[in-house]
Amino acid sequence: MSQTPALDSNKDHDYHPLPDSESPSSPSGSRPGLNKYALAGAILASTNSVLLGYDIGVMSGAALFIREDMNITSTQVEILVGSLNVCSLIGSVASGKTSDWIGRRYTIVLAAATFLIGALLMGLAPSFSFLIGGRVVAGIGVGYSLMIAPVYVAELSPALTRGFLTSLPEVFINGGILLGYISNYALSGLPQNLNWRLMLGLAAFPAFSVAVGVLAMPESPRWLVMKGRLDEAKQVLIRTSESKEEAELRLKEMARAANSMPATSSSNWSGQGVWRDLLLRPTRPIRRILIAAIGVNFFMQASGNDAVVYYSPEVFRDAGIHNKKQLVGVTILMGIAKTSFVLVSALFLDSYGRRPLLLLGSIGMAFSLAALGLGSKFLEYSIDKPTWAIGLCVVAVCSAASFFSIGLGPITWVYSSEIFPMRLRAQGSSLAIGVNRLVSGLVAMTFLSISREITFGGMFFVLAGIMVVGTIFFYLYLPETKGKSLEEIEALFEDDYDKDNRKMLLS
């Protein structure tokens, strides 16, 4: 087994950045701008996320026409919508091992190719069961893309701009949702047996573009270091750093992290032993990291955001809007709100930090969902459906979606991709995102059924309560990671005992 070569044996292990330091590359405290090469790689990788966003947005409208064209029940609609999210669990769990084996870049290609096949199957589906089959295949591709895009971007990005760049997948998800809404609106006037097929099948075009475009991206420098390919990693780092000196420092830090984990020192390493270290014998810092990563992913989907987006036409129809064109048109307003606010969040993540925006977003969601519950309850007992109450519901849905886009939307992907140590990052992230997809699928497949039992108003009050609990969890368990290198972040989850042990081991 060939060992990953150390770059410098002269007191490498004595280097510990100060707690408030942001990067070894900025001794004067100056803040560099965005690196164009890192930005280009992040945009290409994040483009994969358009596929999930497009499906979420387009299915909200397509489901209206599929229900009538195929004459299916509300339960079948729930299965149709939720099957993609549940099956994305397969892709998200498999993506960690896959990306450790074949690399981050080719895993992104695999994700896009799988979704391409699923989109074609859905668009050409002659029956409900065939349509479900297409959803299953597309779901596996979605699972791969949800995990790999943030991990790749986090591993490529400099510390000072990692928050912005790693939030780009959520920006593209929201852009995809908006494109799905626009597609619904534009195609809704076509014959009913054709419009939903075009809505779903059009996703094949961006999937093909992503699969081809990603081939121009560099490989993750941290994956190259784990494979012992330091020269290749150095070339990538030189292009994604402000100076050659910064690239050298970043490479030293990565090589030191790899050398401290013997299992990663072989060029043939492809993720062996990671699940054991994550689940069977985790250290106390790793256990805390797991709780934080799984918790933020759980609350992201338990908030009901995906279900509200998927079923927003049903919610608005219950509120008193019955014209299909108007139903689809109102969802475009929600898509614009989501896309606008996720851009605002992405721009301020690296200056204000993760925690303030996450807490702001979750508190705002709790109030918005409570307001939506109140509006829905009023309309439930109202005969004439007053315009102001309908307006309140529309504003509350857009507000909840906007606060989600400020906090949980982008920050879940940022946290999931940056808090795990290098050797555990891909498979640790895949585990957390697997929980994300499982909860998303369960919520999507039960949202209408539960709402029928307790009404939409009751459902929104439940979701508001979940967000109150989530806010408390975020405050207690998620530390600030702004400006820290990926190699420094593990120390944030250590207590004094763990830090003393680490110093003894490195001395």
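Being a predicted model, the structure only gives us computed values, none of them experimental.

Looking only at helices and strands, the protein chain features 23 helices and 0 strands. Looking at the protein chain as a whole, 59% of its 507 residues qualify as buried. Entry remark: accessible area of the protein chain is about 19,200 Å², with carbon and sulfur atoms responsible for 66%.

On to the packing of aromatic side chains. Inspection of the entire model under this criterion finds 10 aromatic pairs. Where Phe447 meets Phe460, the ring centres are 6.2 Å apart and the plane angle is 55°; that geometry is what we call tilted. Relative to Phe460, the ring of Phe456 has its centre 6.3 Å away and its plane inclined at 20°; by these criteria the two rings are stacked. With a gap of 4 residues between them, Phe456 and Phe460 both fall in helix H21 (residues 425-477), about one helical turn apart.

Taken as a whole and assessed by the stated rule, the structure comprises 10 salt bridges. Notably, a salt bridge pairs Asp100 with Arg104, separated by 2.9 Å at the nearest N-O pair. Per residue, the accessibility class of Asp100 equals that of Arg104, and both read buried. For the salt bridge of Lys377 with Glu380, the shortest nitrogen-to-oxygen distance reads 3.4 Å. Of this pair, Lys377 and Glu380 are both found in helix H18 (residues 354-380), 3 residues apart, which corresponds to roughly one turn of the helix. A relative accessible area of 24% places Lys377 in the partly exposed class. The exposure class of Glu380 is partly exposed, given its relative accessible area of 34%.

Take the packing of helix H14 (residues 284-302) against helix H20 (residues 408-418) next. Relative placement of two packed helices is described by the angle separating their axes and the distance separating the axes. At their nearest, the axes of H14 and H20 sit 9 Å apart, and the two run at 155° to each other. As judged from the angle between their axes, H14 and H20 are roughly antiparallel. Like other packed secondary-structure pairs, H14 and H20 cross with a definite hand, here left-handed. Side by side, H14 and H20 meet where Val296, Asn297, Phe299 and Met300 of the first sit next to Leu408, Gly409, Thr412, Trp413 and Ser416 of the second.

Computed from the structure, the second largest pocket encloses a volume of approximately 250 Å³. Around the second largest pocket sit 17 residues that line it, and Glu314, Asp318, Ser451, Arg452 and Phe456 are the ones nearest its centre.

Topologically, Asn195 is positioned in helix H8 (residues 192-201). For the pair Asn195 and Ile66, spaced 129 residues apart in sequence, the C-alpha to C-alpha distance is 9.2 Å. The residues touching Asn195, leaving out its near neighbours within four places in the chain, are Phe65, Leu187, Ser188 and Leu190.

All right, on to H8 then. Every buried residue belonging to H8 is among Asn195, Trp196, Met199, Leu200 and Gly201, and all of these are buried. The inward-facing, buried residues of H8 contact helix H2 (50-70), helix H4 (104-123), helix H5 (128-156), helix H7 (168-187) and helix H9 (204-213).

Tracing the backbone through its elements, the reader meets Asp318 in helix H16 (residues 312-319). C-alpha separation for the pair Asp318 and Phe456, spaced 138 residues apart in sequence, amounts to 8.3 Å.

This part covers the side chain of Arg354. Among the structural elements, Arg354 can be located in helix H18. A distance of 3.3 Å separates a polar atom in the side chain of Arg354 from a polar atom in the side chain of Asp350. Discounting chain neighbours no more than four positions away, the residues touching Arg354 are Arg162, Gly163, Leu349, Ile411, Val414, Tyr415, Glu418, Glu480, Thr481 and Lys482.

Together, Ile291, Val468, Ile472, Tyr475, Leu476 and Tyr477 give the surface a local cluster of nonpolar side chains, amounting to about 630 Å² of exposed area. At 5 residues, H21 tops the list of elements feeding residues into the nonpolar patch.

Once that is clear, we can look at unusual backbone geometry. Even without glycine at this site, Asn71 takes up a positive phi of about 55°. Of the residues examined, Asn71 reaches a relative accessible area of 68% and is grouped as exposed. If you check the backbone angles, Thr455 has positive phi at about 75° while not being a glycine. Relative to the helices and strands, Thr455 resides in helix H21.

Right, let's get into the nonpolar core. Residues Ile66 and Phe447 are the most contacted members of the largest nonpolar core, which totals 144 residues. The leading source of residues in this core is H21, at 17 residues. The contact partners of Phe447, leaving out residues within four places of it in the chain, are Glu78, Ala307, Tyr311, Val315, Phe456, Met459, Phe460 and Leu463.

When pLDDT is averaged along the protein chain, the result is 81; 86% of the residues meet or exceed 70. When pLDDT is averaged over each helix and strand of the protein chain, the minimum, 49, is found for helix H23 (residues 496-506) and the maximum, 93, for H14. Counted against residues more than four places away or in other chains, residues 1-31, with its pLDDT under 50, gives 55 contacts.

This part is about H9. What H9 keeps buried is the set Ala204, Ala207, Val210 and Ala211. Buried residues of H9, seen end-on, are gathered within an arc of 125° and therefore sit on one face of the element.

Looking now at the packing of helix H11 (residues 230-240) against helix H12 (residues 244-259). Between H11 and H12, whose axes approach to 8 Å, the crossing angle comes to 135°. As the angle between them shows, H11 and H12 are arranged oblique. Considering only the axes of H11 and H12, their crossing is right-handed. Between H11, through Leu230, Ala233, Lys234, Leu237, Ile238 and Thr240, and H12, the contact on the second element is made entirely by Lys244, Ala247, Glu248, Arg250, Leu251 and Met254. Residue classes in the contact of H11 with H12 are distributed as 7 nonpolar, 1 polar and 4 charged.

This part is about the environment of Gly143. With respect to the helices, strands and loops of the structure, Gly143 is situated in helix H5. Each C-alpha atom of the pair Gly143 and Ala111 lies 7.9 Å from the other, and the pair is 32 residues apart in sequence. Once residues within four sequence positions are removed from consideration, Gly143 is found in contact with Ser88, Gly91, Ser92 and Ser95.

Analysis parameters
Here the residue numbers are simple positions, counted from 1 along each chain's written sequence. In keeping with the model being predicted, local features are shown solely for residues with a pLDDT of at least 70 and side-chain atom pairs are shown and tallied solely at 80 or more, while totals for entire chains, interfaces and linings include all residues. Side-chain numbers come from the whole structure's heavy atoms, not from hydrogens or water. Put simply, DSSP marks the helices as runs of H or I at least four residues long and the strands as runs of E at least two long, and each gets a number from the N terminus on. Note on exposure labels: buried denotes an accessible area under 20% of the residue type's maximum, exposed denotes more than 50%, and partly exposed covers the range between, all computed with a 1.4 Å probe on protein chains only. In short, Shrake-Rupley with a 1.4 Å probe defines the accessible areas, and a residue's cover is counted only from the protein chains shown. Working definition: rings of Phe, Tyr and Trp (its six-membered ring) pair if their centres are within 6.5 Å, and the pair is stacked with planes under 30 degrees apart, edge-to-face with planes over 60 apart, and tilted otherwise. Any Lys or Arg side-chain nitrogen located within 4 Å of an Asp or Glu carboxyl oxygen qualifies as a salt bridge. Lines fitted to C-alpha atoms define the axes here, with helix axes fitted over just the stretch in contact, and angles between the N-to-C directions of these axes take values from 0 to 180 degrees. Angular relationships are summarised with four words: roughly parallel below 35 degrees, roughly antiparallel beyond 145, roughly perpendicular across 65 to 115, and oblique for the angles in between. Take the far helix as your reference; a near helix turned counterclockwise from it by less than a right angle gives a left-handed crossing, and one turned clockwise gives a right-handed crossing. Residue contacts are defined here by distance: any two heavy atoms, one from each residue, within 4.5 Å place the two residues in contact. In this analysis the probe radius is 1.4 Å and the grid spacing 1 Å, with only protein atoms considered; a cavity is a set of points the probe fits into but cannot get out of, a pocket is an open set with protein on both sides within 12 Å along at least five of seven lines, and lining residues have an atom within 4 Å of a point. Grid points are joined across faces, edges and corners, and a volume is the space filled by probe spheres set on the points. Identification of polar contacts relies on pairs of N or O atoms within 3.5 Å, with a donor-acceptor requirement for protein atoms, meaning one able to donate a hydrogen and the other able to accept it, and with residues adjacent in sequence counted only if both atoms are side-chain atoms. Each patch is built from salt-bridge-free residues with over 30% relative accessible area, joining like charges within 9 Å and nonpolar side chains (Val, Leu, Ile, Met, Phe, Trp, Tyr) within 5 Å. By convention a nonpolar core is built from buried Ala, Val, Leu, Ile, Met, Phe, Trp, Tyr and Cys residues, the set being connected through side-chain atoms within 4.5 Å. Every residue carries a pLDDT, the predictor's confidence in it, which falls somewhere between 0 and 100. Arc, as used here, means the arc of the directions from the helix axis to the C-beta atoms. Classes in brief: Ala, Val, Leu, Ile, Met, Phe, Trp, Tyr, Cys and Pro nonpolar; Asp, Glu, Lys and Arg charged; the others, Gly included, polar.

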